[in-house]
Amino acid sequence: MNSTNIRNDFPIFLEKPSLVYLDNAATSQKPSGVIEAVSRFYKRQNANPLRGLYDLAQEATEVLEESREIVAGFIGAESPKEIIFTRNATESLNLVAYSYGTFLKEGDEILISVMEHHSNIIPWQQLSARSGAVLKYVECSGDGQITEEAFRVALSPRTKIVSMTQISNVLGTQNDIRTFARLAHEAGAVFVCDGAQSVPHIPVNVQDLDVDFLVFSGHKMLAPMGIGVLYGKKELLEKMPPFLTGGEMIEYVTRSEATWAELPHKFEAGTVNAAGAAGLRAAIEYYQALGFDAITEREEYLSELAFDALSAVPHLHILGSNEAKEHNGIFSFTLDGVHPHDIAEILNADGVCIRAGHHCAQVLMQHLNTPSTVRASLAFYNRKEDIEQLAESLKSVRRRMGYVE
Amino acid sequence: MSNSFYREIINEHNLHPIHKRILPRAGLSRRGVNPSCGDDITLQLTIEDGVIKEGAYSGNGCAISQASADMMLDLVIGKTPEEARHLSDIFFRMIKGKVTDEELEELEEAGSLQDVSHMPARVKCAVLSWHTLENMLE
């Protein structure tokens, strides 16, 4: 993969050639194909999808439904009816917690891991408060591993929902979703997989993993903000009640009641983000043109470089695994004596974009006994020079904060 | 490499604070927290005969939050609560970019945080100790 050619596909790097963007776990940059797809929709295809009978409305509907088919193919869903467009992974998780959550009752259990993002914690806390179901956590080790043994101990015959991230947004660790989903099914639970950090970087196939639900955000995978996906197995989605109600999700309405539209529309109340869906389609086509073999190879190479460069910075401590490949391009670290926000400020002065704070994972931070960290996260379009600049700036931080080495 | 905001004065107060300790018998004690970034300080004051006689802070956070607390205590110890409130009013206006040169002088070293007015993400760090003080004196 030629990084110069790749960067030419991203207008922001042409606008800002010296940009060192290492906050990809927060959101990715967008290739011109995605930006053009959104622009094309509004310039040439814009009408309210699923509504009008005129040609333009028909075209807008086709844009939306073709995008749905592309998404279904991308994650290996059996049918496009299993693809619900949402705003983001957070909304998808709320949908499942609210709608599937209506089946839970007092005494049931919900199982999540300590390494979840707040978006995969709070909806379950709320469901627990509503239903009386107990929210339980499976712990991870200091290097970020959830063992099969720990998972078996946390699981019980009362577990009705298991929800877990595939890749940690803090540690970069990848969880063995296929095994955990199988164990969850044996216990009679459904399995929700948070793919926000995995779908943008590795091939994810819902039938291969045998997960019941998969959620992810478009904006972390080259697509626009405001478009996300919920995949759900058809038989589950069919028996679940709607989440949001209103227009375009009904079949028939009288003064006092309504019947619901077919899947997937039952879960897509109101006008959907068709331009966002068009952008997501363009993003997926960009991934497919590059191929995950090339993307994975490139990101593994950058991960090795980053791990070695960060390990060579004095006083720096990487959280999680000691193996570069276990990080999946996500590196959280601390620097002795310097608060993460001060590190971020100094790196910003050097033009390096990284994240500092608790990364919406306060439960994990408490578990690891670290109030906050700095996080650098990679994507295939990053350059060797980005990592070199990161390491060089980090080496100067303590001096610039007044420490005499 | 461009110049960063961290000047000697802030680094010095962060690395070698004068007032970072615990007062065993403080009359007033109040905690201030920035939940989004984790700055967490506890401010303690003893007021005797209408004057802030002793002051200290403890806790942890970024250099700006810690240095700001230390510089604030430098200023307000020995002052009356009214004078302290007058200074906090100037400090808040400095952060909003609405302060005169004469007023800035009253802030002494705390005036070195003036550049925070151009750094929206760090405002809450700089004002944490001052807000805590204001709440305390209410």
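Residues numbered from 1 in each chain as written. Chains lettered and ligands numbered in written order. Predicted model: local features only at pLDDT ≥ 70, side-chain atom pairs only at ≥ 80, totals over all residues. Heavy atoms only, no water.

**Student:** Please provide a residue-by-residue account of the interface of chain A and chain B, values included.
**Tutor:** If you look at the interface, chain A gives 15 residues, while chain B gives 18 residues. Buried surface at the junction of chain A and chain B, summed over both partners, amounts to about 1400 Å²; 54% is from carbon and sulfur atoms. Summed over the three residues of chain A that lose the most area to chain B, namely His341, Glu345 and Met401 of chain A, the buried surface amounts to 34% of that side. Where chain A meets chain B, there are two salt bridges. The salt bridge involving Arg122 of chain B is made with Glu345 of chain A; its shortest N-O contact spans 2.6 Å. The interface formed by chain A and chain B includes five residue pairs in polar contact (both at pLDDT 80 or more). Those elements giving two or more residues to the side of chain A that touches chain B turn out to be helix 13 (340-349) and helix 15 (384-400) of chain A. Sort the elements by how many residues they give to the side of chain A that touches chain B and helix 13 of chain A lands first, with five residues. Partitioned by chemical class, the residues of the side of chain A that touches chain B number four nonpolar, six polar and five charged. (Contact = heavy atoms within 4.5 Å. Buried area = accessible area lost by both parts, 1.4 Å probe. Salt bridge = Lys/Arg side-chain N within 4 Å of Asp/Glu carboxyl O. Polar contact = N/O pair within 3.5 Å; in protein donor to acceptor, adjacent residues only side chain to side chain. Helix = DSSP H or I, 4+ residues; strand = E, 2+ residues; numbered from the N terminus. Nonpolar A, V, L, I, M, F, W, Y, C, P; charged D, E, K, R; others polar.)

**Student:** For the packing of helix 3 (residues 81-95) of chain B against helix 5 (residues 123-137) of chain B, give the residues involved together with the corresponding values.
**Tutor:** All names here are of chain B. At a closest axis distance of 10 Å, the pairing of helix 3 and helix 5 adopts a crossing angle of 155 degrees. Classified by the angle their axes make, helix 3 and helix 5 are roughly antiparallel. The way helix 3 lies across helix 5 gives a crossing that is left-handed. When helix 3 is examined against helix 5, the residues Pro81, Ala84, Arg85, Leu87, Ser88, Phe91, Phe92 and Ile95 are found in contact with a partner set consisting of Val123, Ala126, Val127, Trp130, His131, Leu133, Glu134 and Leu137. Grouping the amino acids of the contact of helix 3 with helix 5 by side-chain chemistry returns 12 nonpolar, two polar and two charged. (Axes fitted to C-alpha atoms, helices over the stretch in contact; angles between N-to-C directions. Parallel < 35°, antiparallel > 145°, perpendicular 65-115°, else oblique. Left-handed = near helix turned anticlockwise from the far one by under 90°.)

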